[in-house]
Structures are given as C-alpha cells and as structure tokens.
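Read off the chains here:
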Amino acid sequence: MVLLHVLFEHAVGYALLALKEVEEISLLLPQVEECVLNLGKFHNIVRLVAFCPFSSSQVALENANAVSEGVVHEDLRLLLETHLPPKKKKVLLGVGDPKIGAAIQEELGYNCQTGGVIAEILRGVRLHFHNLVKGLTDLSACKAQLGLGHSYSRAKVKFNVNRVDNMIIQSISLLDQLDKDINTFSMRVREWYGYHFPELVKIINDNATYCRLAQFIGNRKELNEEKLEKLEELTMDAAKAKAILDASRSSMGMDISAIDLINIESFSSRVVSLSEYRQSLHTYLRSKMSQVAPSLSALIGEAVGARLIAHAGSLTNLAKYPASTVQILGAEKALFRALKTRGNTPKYGLIFHSTFIGRAAAKNKGRISRYLANKCSIASRIDCFSEVPTSVFGEKLREQVEERLSFYETGEIPRKNLDVMKEAMVQAEEAAAEITRKLEKQEKKRLKKEKKRLAAIALASSENSSAPEECEETSERPKKKKKQKPQEALQENGVEDPSVSFSKPKKKKSFSKEELVSSDLEETAGTGSLPKRKKSFPKEEPVTDPDESENKRVPKKKRKLSSKEEPLSSGPEEAAASKSSGSKKKKKLRKLSQES
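Residues numbered from 1 in each chain as written. Predicted model: local features only at pLDDT ≥ 70, side-chain atom pairs only at ≥ 80, totals over all residues. Heavy atoms only, no water.

- Per an unreviewed UniProt entry, the protein chain goes by the name Nucleolar protein 56 and belongs to Ovis aries.
- According to the UniProt record, the Sequence similarities (unreviewed entry) comment for the protein chain reads "Belongs to the NOP5/NOP56 family."
- Database annotation for the protein chain, UniProt heading Subcellular location (unreviewed entry): "Nucleus, Nucleolus". (UniProt positions renumbered as here; feature names shortened; annotations may be inferred.)

## Section: the packing of helix 14 (residues 258–292) against helix 16 (residues 302–312)
So, point 1. As a packed pair, helix 14 and helix 16 sit with axes 10 Å apart at the nearest point and diverge in direction by 70°. Here helix 14 lies roughly perpendicular to helix 16, going by the angle between them. Handedness of the crossing formed by helix 14 with helix 16: left-handed. Contact residues: Leu285, Arg286 and Met289 in helix 14; Glu302, Gly305, Ala306 and Ile309 in helix 16.
So, point 2. Partitioning the contact of helix 14 with helix 16 into residue classes produces four nonpolar, one polar and two charged. (Axes fitted to C-alpha atoms, helices over the stretch in contact; angles between N-to-C directions. Helix = DSSP H or I, 4+ residues; strand = E, 2+ residues; numbered from the N terminus. Parallel < 35°, antiparallel > 145°, perpendicular 65-115°, else oblique. Left-handed = near helix turned anticlockwise from the far one by under 90°. Contact = heavy atoms within 4.5 Å. Nonpolar A, V, L, I, M, F, W, Y, C, P; charged D, E, K, R; others polar.)

## Details of the packing of aromatic side chains
So, point 1. In this structure the tally under the stated criterion is eight aromatic pairs.
So, point 2. The ring of Tyr210 carries the charged tip of Arg190 above its face, separated from the ring centre by 4.7 Å. (Phe/Tyr/Trp six-rings, centres within 6.5 Å; stacked < 30°, edge-to-face > 60°. Lys NZ or Arg CZ within 6 Å of the ring centre and 35° of its normal.)

## Topic: the environment of Ser324
So, point 1. You can see Ser324 is positioned in helix 18 (residues 323–327).
So, point 2. Residue classification places Ser324 among the partly exposed residues on the basis of a relative accessible area of 46%. (Buried < 20%, exposed > 50% of the residue type's maximum accessible area, 1.4 Å probe, protein only.)

## Overview of the sheet that holds strand 3 (residues 46–53)
So, point 1. Taken in spatial order, the five strands of this open sheet run 3-2-1-4-5, and their pairing is mixed. Each edge of the open sheet is held by one strand with a lone partner, namely strand 3 and strand 5 (111–113). Pairwise comparison of adjacent strand axes, ignoring direction, gives a mean angle of 25° for this sheet.
So, point 2. Pairing geometry for strand 1 (residues 3–9) and strand 2 (residues 13–19), over five bridges, is antiparallel. The residue bridging Glu9 from the neighbouring strand is Tyr14, located in strand 2.
So, point 3. Docked against the sheet, helix 7 (residues 117–132) engages strand 1, strand 2, strand 3, strand 4 (91–94) and strand 5, running at close to 60° with respect to strand 1. (Pairing = 2+ DSSP bridges.)

## Section: the UniProt feature "coiled-coil region" (unreviewed entry) in the protein chain
So, point 1. Mapped onto the present numbering, the UniProt feature "coiled-coil region" (unreviewed entry) falls on residues 214–244 and 418–457.
So, point 2. Helix makes up 61% of residues 214–244 and strand 0%, whereas the separation of the span's terminal C-alpha atoms amounts to 11 Å.
So, point 3. Secondary structure over residues 418–457 splits into 100% helix and 0% strand, and the C-alpha atoms at its two ends are 57 Å apart.

## Describing the pattern of salt bridges
So, point 1. In the structure shown here, the tally under the stated rule is 20 salt bridges.
So, point 2. Between Glu399 and Lys396 there is a salt bridge, with the nearest N and O atoms lying 4.0 Å from each other. Placement of both Glu399 and Lys396 in helix 22 (residues 392–410) is noted, with a separation of three residues, approximately one turn of the helix.
So, point 3. For Arg415, the salt bridge is made with Glu399, and the minimal N-O distance between the two is 3.1 Å. Taken together, the residues Arg415 in the loop between helix 22 and helix 23 (417–493) and Glu399 in helix 22 connect sequence positions 16 residues apart.
So, point 4. Each member of the salt-bridge network shares a partner with another, and the members are Lys396, Glu399, Glu403, Arg415 and Glu423. (Salt bridge = Lys/Arg side-chain N within 4 Å of Asp/Glu carboxyl O.)

## Re the confidence of the model for the protein chain
Detailed reading of the predicted coordinates is not advisable wherever pLDDT is low.
So, point 1. Mean pLDDT over the protein chain works out to 79, with 76% of the residues at or above the 70 mark.
So, point 2. Scored below 50 in pLDDT, residues 478–517 makes 18 contacts in the model with residues more than four places away or belonging to other chains.
So, point 3. Across residues 527–572 the pLDDT falls below 50, and counting only partners more than four positions away or on other chains, this stretch makes 21 contacts in the model. (pLDDT = per-residue confidence, 0-100.)

## Thoughts on the nonpolar core
So, point 1. One finds Leu296, Leu299, Ile300, Ile309, Leu318 and Leu372 to be the most contacted residues of the largest nonpolar core, which totals 44 residues.
So, point 2. Residue contributions to this core reach at least three from each of two domains, namely domain 2 (164–279) and domain 3 (293–433).
So, point 3. Apart from residues lying up to four places away in sequence, Leu372 is in contact with Leu299, Ile300, Ile351, Ser354, Phe356, Ile357 and Val401.
So, point 4. Among the nonpolar cores identified, the runner-up in size contains 26 residues, and Tyr14, Leu16, Leu93 and Tyr110 belong to it. (Core = buried A, V, L, I, M, F, W, Y, C linked by side-chain atoms within 4.5 Å. Domains from an automatic or database assignment.)

## Considering the packing of helix 12 (residues 228–235) against helix 13 (residues 238–249)
If you want to describe how two helices pack, look at the angle between their axes and the distance between the axes.
So, point 1. The geometry of helix 12 relative to helix 13 is characterised by a closest axis approach of 8 Å and an angle of 125° between their N-to-C directions. Judged on the interaxial angle alone, helix 13 and helix 12 are oblique. Classified by chirality, the crossing of helix 13 by helix 12 is right-handed. Note on element contacts: helix 13 touches helix 12 through Ala238, Lys240, Ala241, Lys242, Ile244 and Leu245, opposite Leu228, Leu231, Glu232 and Thr235.

Quick look at the structure:
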C-alpha cells in the first residue's frame, strides 16, 4: 500500500506529516473538508513524523529562496532521506509547489503530488501548525513569518535583475512628460507675449528660442541697434535678428505694462530652465543606454530603444519577446481593433520613430519594419546576456539594415549575415579585451589608493601611540629643570648652596695645593717667589669687611676637605698627572736653592 506523506514549509522549519489510512475519495467529501477546521478531528487524519527547525534567520532565507526557485536545499534533502521510508516506490509525497515537487522527484526519486487532496490537507496544517509542533506558539510563528517575509522581500529588491533598467524606464517617461509640458507652456508664452509682439511668432519657430527672446526683449520699444549682437547670439542667425529688429519698429502689437512684462519674463525663464533640464536629462539617458543596452542604442537610437525597454517592462522581457512582438510593440490598440473588425493589422509600433522606416518607400515600409524588428530582437538579447556589453554588434546590425534599405531602392545585393557576424565577433573580442584592460588598470589604481590610505591610517595610529611616550618625557624634563631653578635663585640672591660650594672649588684644588707647596719651599729657601706665582697671590688679599672674611674662610675649610676627597672622586690618571707635576716643581726649586 502506498503511504501518503505531506511536506509543509514554514518560516520556522520543514515539517513532514503522514496521512493515516483514509481513502482519498472520502477526503473530498464536504463533511470531511469541514472536519479540517476542527483540531481534534484533524489529529485523527494527520500525524507529525518529523520537524526540522531552521537554526537562524539567514538559513531560513536561504531555504525560502531555494523553494521559490525550485531547488532542493541540503536541509530538505537530509529531512526527506532520513525520515521517509527507504522503498521509494511505496511513498507518495504531497507538496504545495509543483516546482519543488518536480525537483524532489528528479533528484531524490520520490513520487510527488500536488493539488486536490494535498491542498486541503495543507490548508489544515497551516491552520493548526502551532498545535502540531511542541513548544511553538501562534505568536512566535507569526513573528517568524513576518521576519522572513521582510528579509525575503528585501533580498528580492536588492538582487533585482532589472534594477538597472528602472532608471532608463523612469528617465524616458520623464522625458516624454517634459516634452508635453514644454510644448504646452511654450504655447502659453506665445499667446501671452503675442499680444505685445505678434510678429515674433512668425519669425521664430523653436519654443525654447522664443522663450529666451521674450525674456531678453521685454518691451519691444526698447529694442535698438545695441541689442542686435545679443539677438544674433540667441537666434544663431543674423538675418533673423535683423528681421526681429525691423519688426519691433513697425509692430502692430498693443502696449503692455511693466507688471505684465515681469510676469511674462518670469514664466518664460521657467520654460527655459525646463528646456535646459530636458537637455541634461537626455544626455543622462544616452549615457545610461550606452552602459545598459549599447547594441540596441547603436542600432535604433537611445530614445527609441529606451521606449522599447519601458514598454516591455525590462531589458530581459524585451529579450524574451519574438521579433513579431517587437515589431508591433506599442500598437496594441490598433492590433486588437484590426482583429476585432477583421481589418489589416498594423505593420509597426514604436520602431516607426526610427529613421529607417521614414526613409523607406511606402511599399517597403512593412518589409523594412519586419527586418528592423528582427535586428532589434537580436541586439536586445546580446545586450541582456553578454558579459561585456559592447556596441560592435549594434553597429554591424545597423550596417545590415542600411544595406537592406539600399537593396530595396537600388537592388544592390547586401552581404551575408554569416560574414557580418564573423567580422563583428573579431571586433567584439578586441573591444572586450580593451575593456578588460581598462578595468584592470582601474582596479590597480584603486588598490594603490587603498594601500596608501591604509598606510596613512597605520602611520597616524603609530603617531598617536608614540604621543603618550613623548608626553611622559616632556613631563620628566621640566622636573629636572625645576630642581636646578632653586639653586640658581639662591645664587642670584647671594646665598651659597653647600652642594654648589663643594663643586666650584674642585676646579682650583690643584692650583691651591701647588701654591701652598711653592710658598712653603720659597720661605725655607729664603728667596723671593717667582713672578708667575706672585700674580696668583693678590687674589687672597685680606678683606676689611668682617662678613666677607667669614664667608671666605668657610670655603677654605671646605676646600681642604674637598682636596682630601678629591683622590677618591678623581681617577687614577688625574692622580698620576698631579704627582708628576708636583715632583718636577720640587726638583726645580731644589736646583734654584743650590745655585743660590
């Protein structure tokens, strides 16, 4: 007996349910269908076999995308292979979506069924799902459905294949609306300013130029020879500028007040700004078409190609259309009217605005429109599915249409399509290689800029990290200076610091000792001291002031102490040098004493 299982996809996970032994015919009875609404009676029909919850919202979104695309996800595969019976022929799996059913049957080999009884069972499962699964409440199930719905919608909008076409569709719609509005406003300016200067309407035909002239001229009585040069700039024609000047002198228009002129000038300035914006929008549309559909724009023009894309809904939809549909795209009313009245069907729709059909003869308009629709269909498919879009194929297709047009007029045989496409393939490969080289260069430049930016950030961070250390060093330095400042202050005030008094005489220690030794020797010898030594003695003259004498006696004692401490502080080399100098002086004094 074949066991019937039902697969139910929910925002919280997959559920596999088994149907108890009930005849399928009885399930379709209205009384049994009403029992689906009752939970107790529904439990007698269906039991839960397995439930596989999603671990996170990201996993739920991946499974939802897989189900919508008709792909068997790994989680679903694991659930079915684990909990369904091994004998696949005795299992019948009921699913709600035919696409996922076909994928399961193809990959796993289980027989799948949709519709009929399965739809009624799934309706009951959807109603009582929070009661079938333990730990699941109605509120949590609703929250999970809402969250998954939002994330699924955002992902669909984000990864919309036709998102680039939307800008083209909006641009061409706005361009058509601007054309209508500018024409309407220009006619209003013509009527309004025509009361004052009616002759200008016959001289100037362009709407934007007329509005600029109305804004510039103002009161026609003030127009003179000095403004002729500016008129030539606006009209781009010296003859028209002269005609406007002559007409202003002999005009039949009525006089107008200053306040009316101000209103006319302000309104005409608005119309001029609208026409300027229309030109900028047209350049934007051309740039977008060269990026999105370069072949189609090269073949039939940017405006007509954009209208075809807008009418089809997207470039992908246009690529799916056959050439016969592209031919009459935009002439649906005429087509259905012809089918209803059994009249002649239209030969062309939006492609009539291209230059090819206007240049063809009346008898050849239908033929050239059919040929042009064929080439438009090819160009749209190339633009839609090519990895590197180029305008090479569009230019070659345009050449083919030109040759076919000349063939209809002169009978000159055009080139074969095979030869033209071979040339186009060679040129397209070269163009694609050039585009890839440019893209690589741009990528290299971008990487270099990124490296420089990262290096600058790293340098700034290193400087910021070294700044605290510098602050610590600078904070230490002033501390040392602060210690020295009190010493300097004391010296300035005339008070000697003991540390300073000890350090200063160290420089004169050797001299004072030598002087003492030389003086003792000279006294014993009974001779006068040398002139060199006499120069040093006047420094130690007696001082009359008692305070100064007391101040000077203290350092002498300290000098003696410092002389004793000197050998400990001085190195061995300094000590040897002092001994050798002392012995030499002693020898000289002895020689002088012997001679005397």
